[in-house]
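Structural features, examined
Here are the chains, one letter per residue:
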Amino acid sequence: MKTKNNQPRNKSAFKCGSCKCGNLLQSRSFKYVALALLLTLSVNVASAQEELSADDYNPFRIGAHLKNMHLWHGFVVHPGAVIATELEYNSRNKKFTFGLWGGASFSSTDVYNENTGENVGAYYKEVSIYTKYRLSERFFVEAVSHNNFTGVEERGDDLHYWSWDKTQGYNFVDVSFGYKVTPNTLLYLATIIGGGSGDYEVEADGTLKNSWTQYFEVNSVVWKNQNSNLSLFVGGAWSFFTDKTFYTEGAGGVVNVGATFNKDLYIVKYKVPVSVTAMWNPEEEKTVLQLDIALF
């Protein structure tokens with residue numbers, strides 16, 4: 001790294017001038033002392049590295065998935081191929097997690113630009129923030145800020161990543177709870193906070209009434225062997241406050257039914273976890289098949 005004025009250092013600054021430090025630097029005794037200090041430092045560094053290598057704790061984790069489409073709670077978020085990545089921190093006791101999840105597509109979808117009156121292509125783009133705390137082996141609480149800004153600029157809007165304005169249509173937060181009633185069965189309840197991303201109903205006087213949509217899912221592993229398993233799931237949505245929900249145009253109901261088959265494939269000696277999810281959304285009358293390959 002260069003200094004501000006790029007001027008060479010004044011070597012005379014290392015000399016005392018009124019003593020014999022210069023002679024000391026050239027003496028054999030000083031060289032022996034310096035060598036001893038260097039050896040001591042090397043031993044200490046080696047010991048420290050040995051202690052670090054003996055510690056299995058790794059606070060950071062990265063991951064990447066290749067998917068033919070992206071599903072979430074009965075939604076087809078993007079119908080084309082997607083690369084999904086994640087970066088997360090986990091505490092030593094494995095109770096606390098904080099991470100970023102991002103998705104980007106290989107294909108575009110059409111969005112309507114109100115300024116030009118034309119449909120334009122937009123690639124799927126999402127960077128979401130999540131955090132989880134495990135109160136026990138069975139119970140956890142989680143919060144996610146979903147930031148899906150696909151097509152925002154393409155439709156003529158300004159992009160504000162750190163905005164959670166309920167009318168902007170692409171940022172929202174949900175808080176969820178998960179509880180394992182058995183080692184193979186998970187109960188999951190999520191609530192969308194504050195009317196984000198259109199989770200509201202327009203009243204007769206023009207005011208916006210938050211739906212606070214609830215989503216509840218039961219997911220259970222019904223079969224497994226050494227390197228594969230099959231799970232079934234069913235999820236529904238409702239609101240205690242409005243006639244519509246985040247997931248439905250009318251009253252709530254079942255929105256996510258299906259099965260997921262997970263299997264570990266081995267390419268040479270490299271393990272590649274693969275899953276296939278068959279999903280049916282009765283509310284939208286939509287059925288799809290998702291392939292998810294964990295790259296690392």
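Our subject is the structure listed above.
So, here is what we can say about the structure in this document. (Residues numbered from 1 in each chain as written. Predicted model: local features only at pLDDT ≥ 70, side-chain atom pairs only at ≥ 80, totals over all residues. Heavy atoms only, no water.)

Along its length, the protein chain carries two helices and 16 strands. A buried classification covers 32% of the 296 residues belonging to the protein chain. The long-range share in the protein chain, meaning contacts at least 24 apart out of those at least 6 apart in sequence, stands at 49%. For the protein chain, the accessible area works out to roughly 19,000 Å², and carbon and sulfur atoms hold 60% of it. (Helix = DSSP H or I, 4+ residues; strand = E, 2+ residues; numbered from the N terminus. Buried < 20%, exposed > 50% of the residue type's maximum accessible area, 1.4 Å probe, protein only. Contact = heavy atoms within 4.5 Å. Areas by Shrake-Rupley, 256 points an atom, 1.4 Å probe, with all protein chains shown as cover.)

Around the barrel, 12 strands lie side by side as β1-β4-β5-β6-β7-β8-β9-β12-β13-β14-β15-β16; this closed barrel has antiparallel pairing. Ignoring strand direction, the axes of neighbouring strands in this sheet form an average angle of 20°. Summarising the sheet, strand β12 (residues 214-224) and strand β13 (residues 228-238) pair through 10 bridges and their orientation is antiparallel. The residue of β13 that forms the bridge with Phe 216 is Gly 236. (Pairing = 2+ DSSP bridges. Axes fitted to C-alpha atoms, helices over the stretch in contact; angles between N-to-C directions.)

Right, let's talk about the side chain of Thr 213 for a bit. As for its placement among the helices and strands, Thr 213 is situated in the loop between β11 (208-210) and β12. Here the side chain of Thr 213 touches Phe 246 through a polar contact of 2.9 Å, landing on its backbone nitrogen. (Polar contact = N/O pair within 3.5 Å; in protein donor to acceptor, adjacent residues only side chain to side chain.)

This part is about the environment of Lys 125. Within the element layout of this structure, Lys 125 appears in strand β6 (residues 118-134). When its relative accessible area of 25% is taken as the criterion, Lys 125 is described as partly exposed. When the C-alpha atoms of Lys 125 and Phe 149 are compared, they prove to be 5.8 Å apart, with 24 residues separating the residues in sequence. In contact with Lys 125, not counting residues within four places along its chain, are Gly 103, Asn 147, Asn 148, Phe 149, Thr 150, Glu 153 and Glu 154.

What follows is about the layout of surface pockets. The gaps left among the atoms become clear once a water-sized probe is rolled over them. Considered as a void within the structure, the second largest pocket measures approximately 190 Å³ in volume. Lining the second largest pocket are 13 residues; nearest its centre among them are Arg 134, Ser 136, Glu 137, Arg 138 and Phe 139. Those elements giving two or more residues to the lining of the second largest pocket turn out to be β6 and β7 (139-147). (1 Å grid on protein atoms, 1.4 Å probe; cavity = no way out; pocket = protein on both sides within 12 Å on 5 of 7 lines; lining within 4 Å. Points joined across faces, edges and corners; volume = space filled by probe spheres on them.)

Take a nonpolar patch on the surface next. On the surface, Ile 62, Leu 66, Leu 87, Leu 100, Phe 106, Val 127, Ile 267, Val 268, Tyr 270, Leu 295 and Phe 296 cluster together into a nonpolar patch covering about 1,100 Å² of accessible area. Residue classification places Phe 296 among the exposed positions, given a relative accessible area of 54%. (Patch = residues over 30% accessible without salt bridge, like charges linked within 9 Å, V, L, I, M, F, W, Y side chains within 5 Å. Salt bridge = Lys/Arg side-chain N within 4 Å of Asp/Glu carboxyl O.)

Now for the packing of aromatic side chains. To describe a pair of aromatic rings, you give the distance between the ring centres and the angle between the ring planes. Tallied over the full model, the rule gives 18 aromatic pairs. Taking 6.3 Å as the distance between ring centres and 5° as the angle between the ring planes, the aromatic pair formed by Phe 139 and Phe 177 counts as stacked. Of this pair, Phe 139 sits in strand β7 while Phe 177 sits in strand β8 (residues 171-182); the two residues are 38 residues apart in sequence, bridging distant segments of the chain. Accessibility expressed as a relative area gives 39% for Phe 177, which makes it partly exposed. Look at Tyr 161 and Trp 162: their rings are 4.7 Å apart centre to centre, the planes differ by 90°, and that puts the pair in the edge-to-face class. For Trp 162, a relative accessible area of 63% translates into the label exposed. An aromatic cluster of at least three residues, connected via ring pairs, comprises Trp 72, Phe 75, Phe 172, Tyr 215, Phe 246 and Tyr 247. (Phe/Tyr/Trp six-rings, centres within 6.5 Å; stacked < 30°, edge-to-face > 60°.)

With that out of the way, let us pick up unusual backbone geometry. In this structure, Ser 197 is a non-glycine residue whose phi angle is positive, near 55°. Examined against the element boundaries, Ser 197 turns out to sit in the loop between β9 (185-193) and β10 (200-202). Here Trp 212, not a glycine, exhibits a phi torsion of approximately 50°, which is positive.

Time to look at the pattern of salt bridges. Counted according to the given criterion, the structure contains five salt bridges. Here Glu 154 ties to Lys 125 by a salt bridge, and the two come within 3.6 Å at their closest N and O atoms. With a gap of 29 residues between them, Glu 154 in the loop between β7 and β8 and Lys 125 in strand β6 connect regions that are remote in the sequence. Look at Glu 154 and you get partly exposed, because its relative accessible area is 21%. Residue Arg 155 pairs with Asp 157 through a salt bridge whose shortest N-O separation is 2.6 Å. Here the salt bridges share partners, and the residues they tie into one network are Arg 61, Glu 86 and Glu 88.

In this structure, Trp 72, Phe 140, Phe 172, Tyr 188, Ala 190, Ile 192, Tyr 215, Ala 237, Phe 246, Tyr 247 and Val 255 together form the largest nonpolar core, which totals 11 residues. Looking at which element gives the most residues to this core, the answer is β9, with three residues. Discounting chain neighbours no more than four positions away, the residues touching Trp 72 are Val 77, His 146, Phe 172, Asp 174, Phe 246 and Tyr 247. Membership of the second largest hydrophobic core comes to six residues, among which are Val 82, Trp 101, Tyr 124 and Tyr 130. (Core = buried A, V, L, I, M, F, W, Y, C linked by side-chain atoms within 4.5 Å.)

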